[in-house]
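Survey of secondary and tertiary structure
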Amino acid sequence: MRLSPAVRLSEYFLPTLREVPSEAEIVSHRLMLRAGMVRQEAAGIYSWLPLGFRVMKKIEQIVREEQDRIGAAEVLMPTMQPADLWRRSGRYDGYGKEMLRIQDRHDREMLFGPTNEEMITDIFAEHARSYKNVPLMMYHIQWKFRDEVRPRFGVMRGREFLMKDAYSFDLTPEDGRVSYNKQFLAYLRTYARMGIKAIPMRADTGPIGGDLSHEFILLADTGESEVYCDQEFLDIDPLSAEVDIRDPDAVQKVADRYNALYARTDELHEPAVFEEQVPEERRYVGRGIEVGHIFFFGTKYSDPLNAKVTTSDGQSAPVLMGSYGVGVSRLVGGIIEASHDDKGIVWPEAVAPFQVALINLRVGDAGCDSACEDLFAKLQAAGIEVIYDDRDERAGVKFADMELIGIPWQIVVGPKGVKNGVVEVARRGADGRDEMAPDAAVARIAG
């Protein structure tokens, strides 16, 4: 999907609010409502308005590109699934009331999918029969529904949400670990590209067993989870070194390096273990929000759903599987929790709805209007996404709105500056404004 590179605010739908909504309990929910990003339609169910939709699509595209990079093939599975498929896996009755169960007009039992392990396994079972069909990874980005008993915190814990879920199919445990490590590194790159820091924490695998499960925790002071890790981990840039994703040894080496640098206090890591593993001067203790979970579960679904392949020696063997989830819509709220101030949202540039806000301080003034139109065209020509505030509003209203919605850059055009041949350029979250020629302003932001 191609997003419009430029909009005029006088022609855009941006219903910002001055008052803090009473129903909003956390920062991200308050700011998303105030910034006109979403509208609640029912408990835990939201319409995504133009500004929020832009951010979500940018996050989605980064997720997609990093999945494509490791060789995962994108598919699209339906939101509605037949109940019989879940009965075959044994999960239909056990999933609980979070599953929304439906009967169609022919009294066939259906459900609004909360996840897609059954369907992707059934697809594989029908079409892949040989060891030559594996290793294989497939993913899709689709809406899910889980009927939470108490939806809260806006998009952070809603009932309907957009999720990327990927699935790997392998013949051996060794191949399964390679697929898992590819996803592990893809997740680190995904979050780094969004301009956020997410820490992979070992997660309990529960009754499935094994040792391959990680949650990815976005660092945020308002997070519900405690995070304990080695400070050296926070200093690593996952984008700084390219890893040959086709080399299993190279992938394993990098994954091992990350795994050696974190610890957390939960049923797997007592505080004493963290203190024993990490020198005092390198201990980081903070809070965070779960924004992703990866899991290797072997034959949990391939056995009951008969997803088998013929091996090279003619035997039949069930494939080993993993699943890898990213909460795309949840990330919008998570990033806001991690990056805001008392004026509003402070977007990382990679996911900001627009790169620059062009602010006309005196609409109707021939000089200001002309200078803004010229800048509006030049910014677009430079490939910069721009929102032009051409409303007939007070300067204070314009500044407040642009700071609320978190646009990374501002170019301010006023009568005095036009007379002197300059504009003001400001960076969101930084102090002060710089005066410079209009072309220099475009060059600075483009750079």
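First things first, this report covers the structure right here in the doc.

Criteria and thresholds
- Residues numbered from 1 in each chain as written.
- Predicted model: local features only at pLDDT ≥ 70, side-chain atom pairs only at ≥ 80, totals over all residues.
- Heavy atoms only, no water.
- Helix = DSSP H or I, 4+ residues; strand = E, 2+ residues; numbered from the N terminus.
- Buried < 20%, exposed > 50% of the residue type's maximum accessible area, 1.4 Å probe, protein only.
- Contact = heavy atoms within 4.5 Å.
- Areas by Shrake-Rupley, 256 points an atom, 1.4 Å probe, with all protein chains shown as cover.
- Lys, Arg positive; Asp, Glu negative; His and termini not counted.
- Charge placed at Lys NZ, Arg CZ, Asp CG, Glu CD.
- Salt bridge = Lys/Arg side-chain N within 4 Å of Asp/Glu carboxyl O.
- Pairing = 2+ DSSP bridges.
- Right-handed = clockwise from strand over helix to strand, strands pointing away.
- Axes fitted to C-alpha atoms, helices over the stretch in contact; angles between N-to-C directions.
- Core = buried A, V, L, I, M, F, W, Y, C linked by side-chain atoms within 4.5 Å.
- Parallel < 35°, antiparallel > 145°, perpendicular 65-115°, else oblique.
- Left-handed = near helix turned anticlockwise from the far one by under 90°.
- Nonpolar A, V, L, I, M, F, W, Y, C, P; charged D, E, K, R; others polar.
- 1 Å grid on protein atoms, 1.4 Å probe; cavity = no way out; pocket = protein on both sides within 12 Å on 5 of 7 lines; lining within 4 Å.
- Points joined across faces, edges and corners; volume = space filled by probe spheres on them.

Before going further, it helps to spend a moment on the overall build of the protein chain. Along the backbone of the protein chain there are 13 helices and 23 strands. Its C-alpha atoms give the protein chain principal-axis dimensions of about 80 × 60 × 40 Å. Looking at the protein chain as a whole, 52% of its 447 residues qualify as buried. Looking at the protein chain alone, contacts between residues at least 24 apart form 71% of all its contacts between residues at least 6 apart. In the structure as shown, the protein chain presents an accessible area of about 20200 Å², 47% of it carried by carbon and sulfur atoms. Within the protein chain, the 72 negative side-chain charges are centred at a point lying 3 Å from the centre of the 55 positive side-chain charges.

Summed over all chains, the structure comprises 34 salt bridges. One salt bridge in this structure joins Asp374 and Lys378, with 3.1 Å as the shortest N-O distance. Taken as a pair, Asp374 and Lys378 lie in helix α10 (residues 366-381) at a separation of four residues, close to a single helical turn. Asp374 gets classed as partly exposed once you look at its relative accessible area, which sits at 37%. Put simply, Glu65, Glu66, Arg69, Arg189, Arg193 and Glu242 are held in one network by salt bridges that share partners.

To continue, consider the pairing of strand β19 (residues 356-360). Judged by how many residues are buried, β19 sits mostly within the fold: five of five residues are covered. Here β19 shows no split at all, with Val356, Leu358 and Asn360 on one side and Ala357 and Ile359 on the other all buried. When β19 meets strand β20 (residues 386-389), the two strands line up parallel, connected through four bridges. Bridge pairing in β20 links Leu358 to Tyr388. Once the chain exits β19 it traverses α10 before rejoining the sheet at β20, and the crossover so formed is right-handed. Bridging between β19 and strand β21 (residues 409-413) involves five bridges; their strand directions are parallel. Within β21, the position partnered with Asn360 by the bridge is Val413.

In space, the three strands of this open sheet follow the order β5-β7-β6, with antiparallel pairing throughout. Bordering the open sheet on either side are β5 (80-82) and β6 (100-103), each of which pairs with just one other strand. In this sheet, adjacent strand axes meet at a mean angle of 35 degrees when their direction is disregarded. Judged from the three bridges that link them, β5 and strand β7 (residues 109-112) form a sheet pairing that is antiparallel.

This part is about helix α9 (residues 328-338). At 3.6 residues per turn, the α-helix brings residues three or four places apart onto the same side. Among the eleven residues in α9, ten count as buried, and that is most of the element. For α9, the set of buried residues is Val328, Ser329, Arg330, Leu331, Val332, Gly333, Gly334, Ile335, Ile336 and Glu337.

Counting residues in each nonpolar core, the largest one holds 85 residues, and the members touching the most others are Met37 and Trp347. Looking at this core, the element that brings in the most residues is helix α5 (residues 173-193), giving seven residues. Residues in contact with Met37, not counting those within four places in the same chain, are Met32, Ser47, Trp48, Leu49, Leu51, Gly52, Val55, Val332, Ile336, Ile345 and Trp347.

Here we take up the packing of α5 against helix α7 (residues 248-259). Taken N-terminus to C-terminus, the directions of α5 and α7 make an angle of 60 degrees; their axes are 9 Å apart at the nearest point. One finds that α5 runs oblique with respect to α7. Between α5 and α7 the crossing geometry is left-handed. Between α5 and α7, the residues in contact are Arg177, Val178, Asn181, Lys182, Phe184, Leu185 and Leu188 and Pro248, Val251, Gln252, Val254, Ala255, Tyr258 and Asn259, respectively. In the contact of α5 with α7, the residues fall into nine nonpolar, three polar and two charged.

The computed volume of the largest pocket comes to approximately 950 Å³. Around the largest pocket, the lining comprises 33 residues; the ones closest to its centre are Arg146, Phe161, Met163, Glu290 and His293. Those elements giving two or more residues to the lining of the largest pocket turn out to be β9 (160-170), β13 (283-298), β16 (320-327) and α9. A per-element tally of the lining of the largest pocket places β13 first, with six residues. Across the lining of the largest pocket, the residue classes break down as 13 nonpolar, ten polar and ten charged.

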